[in-house]
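One-letter residues, chain by chain:
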Amino acid sequence: MSINIYNGTQHTINIFSKEDTIAVQGGRKLILKEEAVPIKIILAGTNLNAQTGNLPAPSLDTDIPLYGGVTFTSHDPLPEGYDIYIVSNLFRSAVKELGGDTSRLATVFGTVYASEEDMRPCGCLGLSVG
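All figures in this text were calculated on a predicted structure; none of them were measured in a lab.

Procedures and definitions
- Residues numbered from 1 in each chain as written.
- Predicted model: local features only at pLDDT ≥ 70, side-chain atom pairs only at ≥ 80, totals over all residues.
- Heavy atoms only, no water.
- Pairing = 2+ DSSP bridges.
- Helix = DSSP H or I, 4+ residues; strand = E, 2+ residues; numbered from the N terminus.
- Axes fitted to C-alpha atoms, helices over the stretch in contact; angles between N-to-C directions.
- Core = buried A, V, L, I, M, F, W, Y, C linked by side-chain atoms within 4.5 Å.
- Buried < 20%, exposed > 50% of the residue type's maximum accessible area, 1.4 Å probe, protein only.
- Contact = heavy atoms within 4.5 Å.
- Salt bridge = Lys/Arg side-chain N within 4 Å of Asp/Glu carboxyl O.
- Disulfide = S-S within 2.5 Å.

Participant: What is the right way to read the sheet that holds strand β11 (residues 121-123) from this model?
Facilitator: Pairing between sheet strands relies on hydrogen bonds along the backbone, with the strands arranged either parallel or antiparallel. What the four strands build is an open sheet, ordered β3-β4-β10-β11; its pairing is mixed. Of all strands in the sheet, those bounded by a partner on one side alone are β3 (21-24) and β11. In this sheet, β11 lies alongside strand β10 (residues 112-113) in antiparallel orientation, the contact comprising two bridges. Residue pairing for β11: V112 is matched across the bridge by G123.

This is the structure in structure tokens:
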């Protein structure tokens, strides 16, 4: 079954099989095996953004600039016609905080890293939806 996916991030999403990874650091990190190839590639899309604001800052006597907790004031509308929207955790948090529907919002699940020496994300195991 093919679904219509909108990538609301500026990143290509490489999805790998769990068998193509090695768990390290007590299972907290997944490292890609050398011969692994993605089982699915979702090309980079157009970024969906959220506008942030701040709650009132605490009044403490300090020489460090303090700001109130981050809150969301708005988010971009979702383009119509898609089954799932891949978004950042920030965008999903904004939609949730503002009372929007997150049932078709997806974020990456199971971040996969290039190697133990190069801990930059290079893919994931799938999508977390809802």
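Read on for the rest.
Participant: Help me understand the sheet that holds strand β8 (residues 84-86), please; the structure alone is not making it clear to me.
Facilitator: Strand order in the open sheet formed by four strands is β1-β8-β9-β12, with mixed pairing between adjacent strands. Strands at the two margins of the open sheet, each flanked by one partner only, are β1 (5-7) and β12 (126-129). Pairwise comparison of adjacent strand axes, ignoring direction, gives a mean angle of 35° for this sheet. When strand β9 (residues 105-109) meets β12, the two strands line up antiparallel, connected through four bridges. Bridge pairing in β12 places V108 opposite L127.

Participant: Explain the nonpolar core here, please?
Facilitator: One recurring pattern in soluble globular proteins: nonpolar side chains tend to sit buried together. Y6, L48, Y85, V87, F91, V95 and L105 form the largest nonpolar core, which has seven residues in total. Excluding anything up to four places from it in sequence, Y6 contacts T46, L48, P79, Y82, I84, Y85 and I86.

Participant: Is there a simple way to think about the pattern of salt bridges in this case?
Facilitator: Opposite charge on two side chains lets them pair, provided their charged atoms get close. Throughout the structure, instances matching the rule amount to one salt bridge. Note that D118 and R120 form a salt bridge whose closest N and O atoms lie 2.7 Å from each other. Accessibility expressed as a relative area gives 27% for D118, which makes it partly exposed.

Participant: Can you help me understand the state of the cysteines in this one?
Facilitator: With the rule as written, the count across this model stands at zero disulfides. With no disulfide of its own, C122 lies closest to C124 among cysteine sulfurs, the gap being 9.6 Å. For C122, a relative accessible area of 18% translates into the label buried. The class for C124 is buried, based on a relative accessible area of 1%.

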